[in-house]
Amino acid sequence: MSKENNFYITTTLAYTNSDPHLGFAAELIKADVIARWQSLAGKQVVFNTGTDEHGLKIFQQAKAAGLSPRAYCDYYAARFASLKKVLDLSFTNFIRTSDDYHEKAAQEFWRRCAENGDIYKKTYSVKYCVGCELEKTESELVDGRCPLHPNRELELIEEDNYFFRFSKYQQPLLDFYKNHPDFIIPSHRFTEIKNFVAAGLQDFSVSRLKSKMPNGVPVPGDDEQVMYVWFDALVNYISTLGWPNNEENFQAFWPAVQVCGKDNLRQQTAMWPAMLLSAGLPLSRQVLIFGFLTANGQKISKSLGNGVDLFTLVSQYGADALRYYLLTEIPPFEDGDFSEERLIQKYNADLANGLGNLVARVSNLLEKNNIITSLSTDNEAAARYLSKEENLASYQFSRTLQSIWQDITACNEELSARAPWKLTEREAIAAVLRPLAERILIIATRLQPFLPTTAKRLIAQFTQAQIIKGEVLFPRLDAKSKTV
RNA sequence: CGCGGGAUAGAGCAGUUGGCAGCUCGCCAGGCCCAUAACCUGGAGGUCGUCGGUUCGAAUCCGACUCCCGCAACCA
């Protein structure tokens with residue numbers, strides 16, 4: 001297999017301390033559109049996602065539940081894996097960072113960084129709140145005190161941790177950024193990270209004491225330490241390809257297009273590249289930084305669970321409707337607000353009244369007049385067609401969908417203007433309807449990356465010799481069916 | 001002067017190199033009747049956050065200001 005014909009995209013891994021939420025669903029769906037698009041355009045695609053199962057929070061929650069971290073994560077890993085069906089995703093790989101092959105890969109990665117002199121031990125002082133019985137990070141503190149126990153002094157605890165020589169890679173990173181102007185999309189995130197790196201980098205800790213927090217990958221050659229959770233987590237992007245054992249597969253697909261939320265900017269575009277440089281591996285191809293989603297104007301909070309439930313939404317409206325809403329109404333790279341009311345509006349206006357009704361009009365007229373068509377799908381032609389979607393190449397999902405919907409409107413206009421129901425000659429009616437059926441088939445072809453189920457159904461329907469009306473595609477919704 | 005983003009019709013958003021302010025939903029009025037009370041045509045609705053500048057002309061360029069939102073190092 002030639003490398004040019006391969007495409008690799010990966011999302012971030014979901015942290016398994018709660019159910020999947022809408023923001024992560026949006027990330028998966030956008031990655032899925034890109035993956036499906038590349039695949040339809042003829043590429044061999046690896047699409048990776050999975051779960052991140054190390055770290056303190058999971059350790060504590062597992063302990064509280066009386067389970068091992070792995071057993072505790074089994075439930076959530078299954079929930080996340082089920083998104084493949086629920087959201088109609090095409091991911092090919094689902095990695096769990098507790099998988100054995102991943103842990104071995106993380107250790108090999110660590111060794112390479114260590115061999116390069118980039119990992120060293122240092123005494124590290126952490127702030128500890130006796131009230132919470134927890135270590136606190138600077139960002140958690142208010143005026144240098146624990147916001148939950150402002151009357152207590154924080155204790156300083158010293159412990160030995162391994163550190164990664166991030167500072168060493170400041171200039172190499174800046175050089176890389178300069179030579180790869182499309183490395184980060186959108187460009188303002190690129191500006192942000194360039195400023196951050198240019199301001200100077202501090203080495204960061206990459207391990208924790210096993211005695212305090214055993215839920216991590218053992219540090220090679222040190223029984224007392226485990227890797228800090230995201231050091232091993234980032235390695236999933238290559239361990240999922242079989243690195244370091246399956247060098248052939250790794251070479252065939254790496255580097256990846258990575259997608260992530262804006263909270264991951266530093267890890268994905270500065271720390272991970274520095275780690276790759278240290279390990280002597282090529283850097284990622286591109287990183288897409290998505291915005292955040294709020295729900296009805298409020299922050300989606302995992303812990304409070306005040307987000308709209310993903311599984312309920314899909315059972316109510318279907319995966320394609322949710323996909324359509326998220327792709328058209330939420331700007332891919334900026335923050336957006338999810339509103340169920342808007343979802344219903346879009347569903348009725350575009351899916352039911354627009355696409356669904358057009359399909360019903362044309363198929364009904366074809367059936368009633370016994371008109372035979374002979375349309376077929378030509379995969380190569382479809383691939384050529386899709387590869388020309390320029391807006392998709394720049395990740396402007398809504399623009400491609402807009403252009404598809406312009407076609408739908410145009411078909412509706414044409415149908416109204418030529419009013420075949422007023423004609424009596426069957427051939428005259430057919431002359432109006434056959435080209436419309438063909439246009440619907442093209443619309444279906446173009447819809448494949450976005451609304452896979454709908455597209456499949458339409459293609460099956462419109463490649464029949466005698467096209468029949470069939471079931472309503474998107475039944476109109478009453479505003480009262482809202483679940484919230 | 002820490003970094004970055006945003007402010008355009010009731011709502012959600014577009015506005016490439018400055019040239020009569022657009023799209024979708026919603027709303028109103030006609031038409032049509034094949035279709036999922038759907039479709040088609042037309043209409044109402046905006047001093048483009050504020051102030052000042054450059055220009056024949058600024059939502060668009062420059063300056064100042066106001067208000068919102070992220071990030072500010074270990075929150076995967």
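Shown above is the structure to which this text applies.
Residues numbered from 1 in each chain as written. Chains lettered and ligands numbered in written order. Predicted model: local features only at pLDDT ≥ 70, side-chain atom pairs only at ≥ 80, totals over all residues. Heavy atoms only, no water.

Peer 1: What am I meant to see in the overall build of chain A here?
Peer 2: If you tally the helices and strands in chain A, you get 19 helices and 16 strands. Each of the three principal axes of chain A carries a C-alpha extent, and together these read 90 × 50 × 40 Å. Each of the 484 residues in chain A was classed as buried or not, and the buried ones make up 51%. Considering only residue pairs separated by 6 or more positions, chain A has 77% of its internal contacts joining residues 24 or more positions apart. (Helix = DSSP H or I, 4+ residues; strand = E, 2+ residues; numbered from the N terminus. Buried < 20%, exposed > 50% of the residue type's maximum accessible area, 1.4 Å probe, protein only. Contact = heavy atoms within 4.5 Å.)

Peer 1: Explanation requested: empty space enclosed by the protein in the structure shown.
Peer 2: Space left empty within the atom packing is revealed by a probe, the size of a water molecule, rolled over the atoms. The tally for this structure, following the rule as stated, stands at 1 cavity of 30 Å³ or more. Empty space within the largest cavity amounts to approximately 30 Å³. For the lining of the largest cavity, the secondary structure elements donating two or more residues are α1 (22-40) and α13 (319-329). Residue composition of the lining of the largest cavity, grouped by class: 5 nonpolar, no polar and 1 charged. (1 Å grid on protein atoms, 1.4 Å probe; cavity = no way out; pocket = protein on both sides within 12 Å on 5 of 7 lines; lining within 4 Å. Points joined across faces, edges and corners; volume = space filled by probe spheres on them. Nonpolar A, V, L, I, M, F, W, Y, C, P; charged D, E, K, R; others polar.)

Peer 1: Help me understand the environment of Leu 310 in this model?
Peer 2: In this structure, Leu 310 sits in helix α12 (residues 310-317). When neighbours within four sequence positions are excluded, Leu 310 is seen to be in contact with Pro 20, His 21, Leu 22, Ala 25, Leu 83, Leu 87 and Leu 322.

Peer 1: Just checking my understanding: could you explain the side chain of Arg 208 for this structure?
Peer 2: Relative to the elements of secondary structure, Arg 208 occurs in strand β10 (residues 207-209). Within polar-contact distance, the side chain of Arg 208 engages the side chain of Ser 205 at 3.2 Å. (Polar contact = N/O pair within 3.5 Å; in protein donor to acceptor, adjacent residues only side chain to side chain.)

Peer 1: What exactly am I supposed to notice about unusual backbone geometry here?
Peer 2: Backbone geometry follows two general trends: most residues other than glycine have a negative phi, and most peptide bonds adopt the trans configuration. For the bond from Ile 185 to Pro 186, the omega torsion is 0 degrees, close enough to zero to count as cis. With respect to the helices and strands, Pro 186 occurs in the loop between β8 (184-185) and α7 (187-198). In the segment running from Trp 254 into Pro 255, the intervening peptide bond is cis, with an omega of 10 degrees. Topologically, Pro 255 is positioned in the loop between α10 (247-253) and β12 (257-261).

Peer 1: It is not clear to me how the nonpolar core should be interpreted in this structure. Could you clarify?
Peer 2: Most often, soluble globular proteins have nonpolar side chains that are buried together. Ranked by internal contacts, the top residues of the largest apolar core, which has 94 residues, are Phe 338, Leu 355 and Trp 405. For Trp 405, the contacting residues outside a window of four places in its chain are Tyr 324, Asp 350, Leu 351, Leu 355, Leu 447 and Leu 451. Core analysis: the second largest hydrophobic core is formed by 52 residues, Val 217, Met 227, Trp 230 and Ala 274 among them. (Core = buried A, V, L, I, M, F, W, Y, C linked by side-chain atoms within 4.5 Å.)

Peer 1: What am I meant to see in the environment of Ala 430 here?
Peer 2: In this structure, Ala 430 sits in helix α18 (residues 426-447). On the basis of relative accessible area, Ala 430 is assigned to the buried category, the value being 1%. Along the chain, Ala 430 and Leu 293 lie 137 residues apart, while their C-alpha atoms are 47 Å from each other.

Peer 1: What am I meant to see in the side chain of Glu 340 here?
Peer 2: By the secondary structure assignment, Glu 340 is in helix α14 (residues 340-368). Look at Glu 340 and you get buried, because its relative accessible area is 2%. Of the polar contacts made by the side chain of Glu 340, one reaches the side chain of Tyr 317; its length is 2.6 Å.

Peer 1: Would you take a moment to explain the pattern of salt bridges for this structure?
Peer 2: Charged atoms that come close allow side chains of opposite charge to pair. Evaluation of the coordinates by the stated rule reveals 22 salt bridges. Among the ionic pairs, Glu 427 bridges to Arg 434, the shortest N-O distance being 3.8 Å. Look at the salt bridges and you will find they share partners, linking Glu 53, Arg 70, Asp 74, Arg 96 and Asp 99 into a network. (Salt bridge = Lys/Arg side-chain N within 4 Å of Asp/Glu carboxyl O.)

Peer 1: Even after reading the chapter, I still don't get the packing of helix α2 (residues 56-64) against helix α3 (residues 69-81), so can you show me in this structure?
Peer 2: Packed helices, taken two at a time, are described by their axes: the angle between them and the distance between them. Between α2 and α3, the shortest axis-to-axis distance is 9 Å and the interhelical angle comes to 95 degrees. One finds that α2 runs roughly perpendicular with respect to α3. Contacts from Ile 58, Gln 61 and Ala 62 of α2 reach α3 at Pro 69, Tyr 72 and Cys 73. Grouping the constituent residues of the contact of α2 with α3 by class yields 5 nonpolar, 1 polar and no charged. (Axes fitted to C-alpha atoms, helices over the stretch in contact; angles between N-to-C directions. Parallel < 35°, antiparallel > 145°, perpendicular 65-115°, else oblique.)

Peer 1: Can you help me understand the layout of surface pockets in this one?
Peer 2: The space that makes up the second largest pocket amounts to roughly 360 Å³. In terms of lining, the second largest pocket is formed by 17 residues, of which the most central are Ser 376, Thr 377, Asp 378, Ala 382 and Thr 445. A total of 5 residues in the lining of the second largest pocket trace back to one element, the largest contributor, which is helix α15 (residues 379-387). When grouped by side-chain class, the residues that make up the lining of the second largest pocket number 9 nonpolar, 5 polar and 3 charged.

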